[in-house]
Structures are given as C-alpha cells and as structure tokens.
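Structural overview for review
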Amino acid sequence: MGIYVKDLKHFATTVLQCELENDGDHVRYTLRVNSKDIATFKYSRSWRGNFQIPEFILHKQAQSMHCPLQMWKALIQERVSKEVYFSALLKQELIDQVDFETLCKR
Amino acid sequence: MKAMILYLQETASTKLYGTTGSVTTSISYVDLRIANAIVLAEDTNNCNIREGVVISRLTPQVSAKVIQPFSIQLFLSEEGYMAVSNLCNICELEKTRGEAVRSYLYSLVSEFVWLQKHEESLSRPLQEELNRIRTYIRMV
C-alpha cells in the first residue's frame, strides 16, 4: 500500500505534532521538544496530497527522523504507535527521559 | 517558479562545465543551463560539483561557495530523477537530470541555512550533519 503526501502531513502534524515551516520551495516538519530540534525532514511544496511518495524518498525521510524505513512507514500508516518511535529515540539517546514523557503526553 | 538563481563561478585553473573544454575565468548568472552542463559533463550518474562553485538564492538572499568538491548521485525512478549526496539526507525529485541537480544545490543551501539558524538547539545527528556540510560549502 502506498503512502501519500496527505498521510505524511496528517501524521507529522496531528500525531507527532511537528512544527511546520514554509522553507522556500519546501515544507519542513521538525520534531521539537523542550527547546531541542530532534529531527527534521522536508518535501517539495509542489507535491499535492494525492502524490504517492517514492520508497527511496521515504527511506531518506526515515534516516532524517532517525528510525528504520519499516518503522517510518508503519508510523505514517498508524500501524505502530508514536510511543514506539519515541522509545527508539530514547534508546539512541537522542532524547532523555523528560523529553520522552513530554512527547508521549502530547 | 523557483525564486532562486544559481551562479557558478570557477577559477582560471579549472575547466568550464560543459563540452568546450576551454579555460574560463568565470560564469555569472546561470541557472538551469549550467545545471544541465554539469550533468552533460559527466558520463555517469555521479555529478561532480567542483570547488569554487557559488550557489546563490534570492529569497532569502544568501550564497554558498563549494570549498571541497562533492558528488551528487542521480537515480532514475518512475517519477523522474532523484538527486542525493553523502552530505545530508535531502533528496530532490525532478523531471530531468539538470533540474534535479539544480534543485539539489538549492535545497542544500536551504538546509545549511536552516541548520545554522538552529545550531544552538540541534540534536547530535543534526549537529553532525551541519558540521559535515560545513566541510563542503560555506556562506559567502
């Protein structure tokens, strides 16, 4: 099953509650917690909601978000909870326990 | 339409991107034409971005100069050409190879600007990415 821009947008804004910025020709989403920029990704503003994101680009986004491609796809498709992702970030020491709890409460 | 302009400048000791093979002192105000020339100068899908190349954008008005050569890799997909490099995780998708290279260079400058702006609050991998980009380009 493909992943569309509208799925990604929904996940980034509603589930992860990333901060949205219009960054020139791109739309940028940043996962920010306790004044720290944990991860960020962007995509072309020209992409419409029904544009199916190529696998290779999803892979690059997953790298930017510090998680494996399979987890990134499962997160967007809401087959995996955000807590699993935040745990992965905690395990990599990209966030601390306080950050983890803050993110989970959102 | 992209509100950016790509300037490419080279020193007298380097060859002009393209097929003439002549020694050229500088090229000013070039955009897609030079991006296409970069692509045409390569036999493979590895495009070498040479030291001295200046990438300028108008909004916001910033320029970055290549201080160490790097490669942009192009991949053909059903949707078009994807451009990536080892500098960071950005990926640009365009219809042609030249457009992909141009977009990648613009996007790289944007990424650099964003990372510098947020330097104080970056996580370890983002800080590493900024440091890596800094070894290849600098703002001018």
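Not measured: the values here are computed from a predicted model.

Rules used throughout
- Residues numbered from 1 in each chain as written.
- Chains lettered and ligands numbered in written order.
- Predicted model: local features only at pLDDT ≥ 70, side-chain atom pairs only at ≥ 80, totals over all residues.
- Heavy atoms only, no water.
- Helix = DSSP H or I, 4+ residues; strand = E, 2+ residues; numbered from the N terminus.
- Rg over C-alpha atoms; globule rule 2.2 N^0.38 Å.
- Contact = heavy atoms within 4.5 Å.
- Buried area = accessible area lost by both parts, 1.4 Å probe.
- Salt bridge = Lys/Arg side-chain N within 4 Å of Asp/Glu carboxyl O.
- Polar contact = N/O pair within 3.5 Å; in protein donor to acceptor, adjacent residues only side chain to side chain.
- Nonpolar A, V, L, I, M, F, W, Y, C, P; charged D, E, K, R; others polar.
- Pairing = 2+ DSSP bridges.
- Axes fitted to C-alpha atoms, helices over the stretch in contact; angles between N-to-C directions.
- Phe/Tyr/Trp six-rings, centres within 6.5 Å; stacked < 30°, edge-to-face > 60°.
- Buried < 20%, exposed > 50% of the residue type's maximum accessible area, 1.4 Å probe, protein only.
- Lys NZ or Arg CZ within 6 Å of the ring centre and 35° of its normal.

**Section: the overall build of chain A**
Each helix and strand counted, chain A has 5 helices and 3 strands in total. When the helices and strands of chain A are read in sequence order from the N terminus, they spell out α-β-β-β-α-α-α-α. Against the globule reference of 13 Å for 106 residues, chain A gives a C-alpha radius of gyration of 13 Å, in line with a compact fold. Seen along its three principal axes, the alpha-carbon backbone of chain A occupies a region of about 35 × 30 × 20 Å.

**Structural notes on the interface of chain A and chain B**
Contact with chain A, which involves 27 residues of that partner, is made by 25 residues of chain B. Between chain A and chain B, the buried area comes to about 2000 Å², and carbon and sulfur atoms account for 56% of it. On the chain A side of the interface with chain B, the three residues burying the most area are Asp25, Asp37 and Lys60 of chain A, jointly 26% of the side's total. Seen at the junction of chain A and chain B, the total is 2 salt bridges. Here chain A and chain B share 10 residue pairs in polar contact (both at pLDDT 80 or more) between them. Counting residues per element, the ones that place at least two in the side of chain A that touches chain B are β1 (19-23), β2 (26-33), β3 (36-44) and α2 (55-64) of chain A. If one sorts the elements of the side of chain A that touches chain B by residue count, β3 of chain A sits on top with 6 residues. Tallied by class, the residues present in the side of chain A that touches chain B amount to 8 nonpolar, 9 polar and 10 charged.

**Topic: the sheet that holds strand β5 (residues 70-77) of chain B**
Read from one edge of the open sheet, 4 strands run β2-β5-β6-β7 (chain B), paired in antiparallel fashion. Strands at the two margins of the open sheet, each flanked by one partner only, are β2 (46-49) and β7 (92-94) of chain B. With strand direction ignored, the average angle separating the axes of adjacent strands in the sheet is 25 degrees. Set on the sheet, α2 of chain A makes contact with β5, β6 (80-84) and β7 of chain B; between it and β6 of chain B the angle comes to about 20 degrees. Strands in contact with helix α2 (residues 97-117) of chain B are β2, β5, β6 and β7 of chain B; relative to β5 of chain B, the strand with the most contacts, it is inclined by about 130 degrees.

**Considerations on the packing of aromatic side chains**
The full count for this structure, using the stated rule, is 9 aromatic pairs over all chains. Measuring from ring centre to ring centre gives 5.7 Å for Tyr85 of chain A and Phe86 of chain A, while their planes differ by 45 degrees; the resulting arrangement is tilted. The same class applies to Tyr85 of chain A and to Phe86 of chain A, which are both buried. Feature note: the residues Phe11, Tyr29, Phe41, Tyr43, Trp47, Phe51 and Trp72 of chain A constitute an aromatic cluster, connected by ring pairs. Seen from the ring of Tyr4 of chain A, Lys6 of chain A lies directly overhead, with NZ or CZ sitting 5.8 Å from the centre. Cation over ring: Arg28 of chain A sits above Trp114 of chain B, and NZ or CZ is 4.4 Å from the ring centre.

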